[in-house]
Amino acid sequence: MAELVFFSGTMDCGKSTLALQMDHNQRARARVGLIFTKLDRMGDSVLSSRLGLSTHAHEVGDDLDFWDVVVEHLTHGQRADYVICDEAQFYTAAQIEQLARIVDELGIDVNCFGITADFRTELFPGSKRLFELADRVQVLQVAALCWCGARATHNARIIDGVMVVEGEQVVVGDTASASDTLVEYEVLCRRHYMRRMNSHAARLASATPDVLPFDLDVCAVPPRG
């Protein structure tokens, strides 16, 4: 029986790598699939991993209807044995419902890969709807690590080296704006996320550049605004 599966986790836990591996394994058995992604770091219409692997994908805009795309694909005599959706956290709630309909009415497996929560620890719309509708939610077992070595559980947005907790929900990382403001992302454990202590701030607070601070007095809790 076909399933809607959500593979979730933080950044750097291997979601896109697993999506690429899953597609490779399917194609090795002569199965045909459709691959979708949105706002990949390498640009439009590509699914890429931080390991340097990539493949062509359909770019998802807010107006894309998955049901229409798949049905049109099938009515033109083409096969679709599976669907892979990367960066699913950026999809709309309606698009997640379309994916569920593909599973239920067309009997096609849909595997979604995405981040659970944003840099404010709030659920993305696509992730929220996947938690509500997916047949299975699978947290990836490759643990991303905080700079302190603990398991990373939170995604932090870093602007010019400083962690921020306000701003637009979706801003692509590793980019510089017209004002040369550098936007990056870093995974942190809960303790250092709550203390807004990213690796850059930790190095500044350290007595030497080679030793990062681990005690709570150095990593003080920021005042509430």
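Described below are features of the structure shown in this document.

What counts, and where the lines are drawn
Residues numbered from 1 in each chain as written. Predicted model: local features only at pLDDT ≥ 70, side-chain atom pairs only at ≥ 80, totals over all residues. Heavy atoms only, no water. Helix = DSSP H or I, 4+ residues; strand = E, 2+ residues; numbered from the N terminus. Expected span 1.5 Å × (residues − 1). Buried < 20%, exposed > 50% of the residue type's maximum accessible area, 1.4 Å probe, protein only. Contact = heavy atoms within 4.5 Å. 1 Å grid on protein atoms, 1.4 Å probe; cavity = no way out; pocket = protein on both sides within 12 Å on 5 of 7 lines; lining within 4 Å. Points joined across faces, edges and corners; volume = space filled by probe spheres on them. Nonpolar A, V, L, I, M, F, W, Y, C, P; charged D, E, K, R; others polar. Patch = residues over 30% accessible without salt bridge, like charges linked within 9 Å, V, L, I, M, F, W, Y side chains within 5 Å. Areas by Shrake-Rupley, 256 points an atom, 1.4 Å probe, with all protein chains shown as cover. Salt bridge = Lys/Arg side-chain N within 4 Å of Asp/Glu carboxyl O. Pairing = 2+ DSSP bridges. Axes fitted to C-alpha atoms, helices over the stretch in contact; angles between N-to-C directions.

Notes on helix 3 (residues 93–106)
Here helix 3 contains 14 residues, and its C-alpha end-to-end distance of 20 Å stays within 8% of the 20 Å for a straight helix at 1.5 Å per residue. Turning to helix 3, its buried residues are Gln 95, Ile 96, Gln 98, Leu 99, Ala 100, Ile 102 and Val 103. Each element contacted by the buried residues of helix 3 is listed here: strand 1 (4–9), helix 2 (66–75), strand 6 (82–85), strand 7 (109–115) and helix 4 (125–133). Of the residues trailing helix 3, Gly 107 is marked for its positive phi of about 70 degrees.

Overview of the layout of surface pockets
Approximately 620 Å³ is the volume found for the largest pocket. Along the walls of the largest pocket sit 33 residues, with Met 11, Arg 41, Arg 50, Glu 87 and Ile 115 positioned nearest its centre. Mapped by element, the contributors of at least two residues to the lining of the largest pocket are helix 1 (15–28), strand 9 (154–159) and strand 12 (182–188). In terms of residues, the lining of the largest pocket owes the most to one element, helix 1, which gives 3 residues. In the lining of the largest pocket, the residues fall into 13 nonpolar, 9 polar and 11 charged.

Quick word on a nonpolar patch on the surface
Residues Leu 39, Val 170 and Val 172 make up a contiguous nonpolar surface patch of roughly 170 Å² in combined accessible area. In this fold, Leu 39 is placed in the loop between strand 2 (33–37) and strand 3 (46–48). Residue Leu 39 is classed as partly exposed on the basis of its relative accessible area, which comes to 31%.

Section: the sheet that holds strand 8 (residues 136–139)
Read from one edge to the other, the open sheet built from 6 strands follows the order 5-2-6-7-1-8, with strand pairing classed as parallel. Only two strands of the sheet have a single neighbouring strand rather than two, namely strand 5 (58–59) and strand 8. Seen against the sheet, helix 3 touches strand 1, strand 6 and strand 7 and runs at an angle of roughly 155 degrees to strand 7.

Topic: the pattern of salt bridges
What the rule picks out here adds up to 10 salt bridges. Residue Arg 136 pairs with Glu 3 through a salt bridge whose shortest N-O separation is 3.2 Å. Here Arg 136 is found in strand 8, whereas its partner Glu 3 is found in the segment before strand 1, with 133 residues between them in sequence. Look at Glu 3 and you get partly exposed, because its relative accessible area is 26%. When the shortest N-O distance is used, the salt bridge between Lys 38 and Asp 62 registers 2.5 Å. Here Lys 38, found in the loop between strand 2 and strand 3, pairs with Asp 62, found in the loop between strand 5 and helix 2; they are 24 residues apart in sequence, far enough to count as distant. With relative accessibility at 9%, the residue Lys 38 sits in the buried group. Put simply, Glu 97, Lys 128, Arg 129 and Glu 132 are held in one network by salt bridges that share partners.

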